[in-house]
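What follows is the residue order along each chain.
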Amino acid sequence: MNQITLMGRLTRDPELRHTQNGTPVASFALAVDRRYTPKDGSERQTDFIDVVAWRQTGEFVSRYFTKGQMALVTGSLQIRDWTDKDGNKRRTAEVVAENVYFTESKKSREASMGRAEPRDDFGSNYTSPVTGSDFEELDLDEGDLPF
């Protein structure tokens, strides 16, 4: 079974591209701390993991996530072999995201990112509401939750 779950911070803003057929694909990387702390007292090690998100997931990530933001990604590991421009054979490991989740509250995201509005495909902010969604974001203080 090939299933991966990662939680970490985006190392850069997601880059949204489209294939020749017009299929959206976003790429980004997560900085993920390793679980253990070294016994010698040094800092935890961090892995930088490339992630690719296709179609609606890619559009979602490129619109709502930015560099430094915490995210939870579930998906599968993919190993790709390719040839670079010099003719050398290369191998790349990346996570193909099936789902990407927010792991911070809206208020903490706004405070840390200094921005509350989603981005359009060109990285600029816009103020129109997201259309075509059956969900709306509630502006509740976490203390108001019924559970």
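Keep in mind that what you see is a predicted model, and the values were worked out from it rather than measured.

**Some points on the overall build of the protein chain**
Okay, so step 1: Secondary structure assignment for the protein chain yields two helices and six strands.
Okay, so step 2: What you see in the protein chain, going N to C, is helices and strands ordered as β-β-β-β-α-β-β-α.
Okay, so step 3: Here the protein chain, with 147 residues, has 30% of them falling under the buried criterion.
Okay, so step 4: In the protein chain, the proportion of contacts linking residues at least 24 apart, taken out of those at least 6 apart, comes to 58%.
Okay, so step 5: Approximately 10600 Å² of the protein chain is accessible, and the part contributed by carbon and sulfur atoms is 48%.

**Regarding the nonpolar core**
Okay, so step 1: Membership of the largest hydrophobic core comes to 15 residues, with the highest contact counts inside it found for Phe 28, Leu 30, Val 51, Val 73 and Val 100.
Okay, so step 2: Those elements giving two or more residues to this core turn out to be β1 (4–10), β3 (24–33), β4 (46–54), β5 (70–83) and β6 (89–102).
Okay, so step 3: Leaving out residues up to four positions away in the same chain, Val 100 has contacts with Phe 28, Thr 57, Phe 60, Val 61, Phe 65, Ala 71, Leu 72 and Val 73.

**Let's talk about the confidence of the model for the protein chain**
Okay, so step 1: For the protein chain, the average pLDDT comes to 80, and 71% of its residues sit at 70 or higher.
Okay, so step 2: Strand β2 (residues 15–18) holds the highest mean pLDDT among the elements of the protein chain, 96, whereas helix α2 (residues 106–113) holds the lowest, 62.
Okay, so step 3: Within the model, pLDDT remains below 50 along residues 120–133, and this stretch shows 15 contacts once partners closer than five positions in the same chain are excluded.

**Some words on the pairing of β6**
Okay, so step 1: In terms of strand pairing, β4 meets β6 through three bridges, oriented parallel. The partner of Val 52 across the bridge, within β6, is Val 96.
Okay, so step 2: Judged from the 13 bridges that link them, β5 and β6 form a sheet pairing that is antiparallel. By the bridge assignment, Ile 79 is partnered in β6 with Ala 93.
Okay, so step 3: Adjacent in sequence and paired antiparallel, β5 and β6 are bridged by five residues, among which Gly 87 carries a positive phi angle near 85°.

**Regarding the side chain of Ser 76**
Okay, so step 1: Locating Ser 76 in the fold gives a position in strand β5.
Okay, so step 2: Among residues more than four places away in sequence, those in contact with Ser 76 are Asn 2, Glu 94, Val 95, Val 96 and Glu 98.

**Here we look at helix α1 (residues 55–64)**
Okay, so step 1: Every buried residue of α1 is accounted for by Thr 57, Gly 58, Val 61 and Ser 62. On an axial view of α1, the arc spanned by its buried residues comes to 130°, and they lie on one face.

**Topic: unusual backbone geometry**
Okay, so step 1: At Arg 55, a residue that is not glycine, the phi angle is positive and equals roughly 55°.
Okay, so step 2: When you line up the elements, Arg 55 lands in helix α1.
Okay, so step 3: Exposure remark for Arg 55: the relative accessible area of 47% places this residue in the partly exposed category.

**Let's talk about the pairing of β1**
Okay, so step 1: Where β1 lies against β5, six bridges are found, and the strand directions are antiparallel. Directly across from Met 7, in β5, lies its bridge partner Leu 72.
Okay, so step 2: By the bridge criterion, two bridges tie β1 to β3 in an arrangement that is antiparallel. Bridge pairing links Arg 9 to Ala 31 in β3.

How each quantity is defined
- Residues numbered from 1 in each chain as written.
- Predicted model: local features only at pLDDT ≥ 70, side-chain atom pairs only at ≥ 80, totals over all residues.
- Heavy atoms only, no water.
- Helix = DSSP H or I, 4+ residues; strand = E, 2+ residues; numbered from the N terminus.
- Buried < 20%, exposed > 50% of the residue type's maximum accessible area, 1.4 Å probe, protein only.
- Contact = heavy atoms within 4.5 Å.
- Areas by Shrake-Rupley, 256 points an atom, 1.4 Å probe, with all protein chains shown as cover.
- Core = buried A, V, L, I, M, F, W, Y, C linked by side-chain atoms within 4.5 Å.
- pLDDT = per-residue confidence, 0-100.
- Pairing = 2+ DSSP bridges.
- Arc of directions from axis to C-beta.

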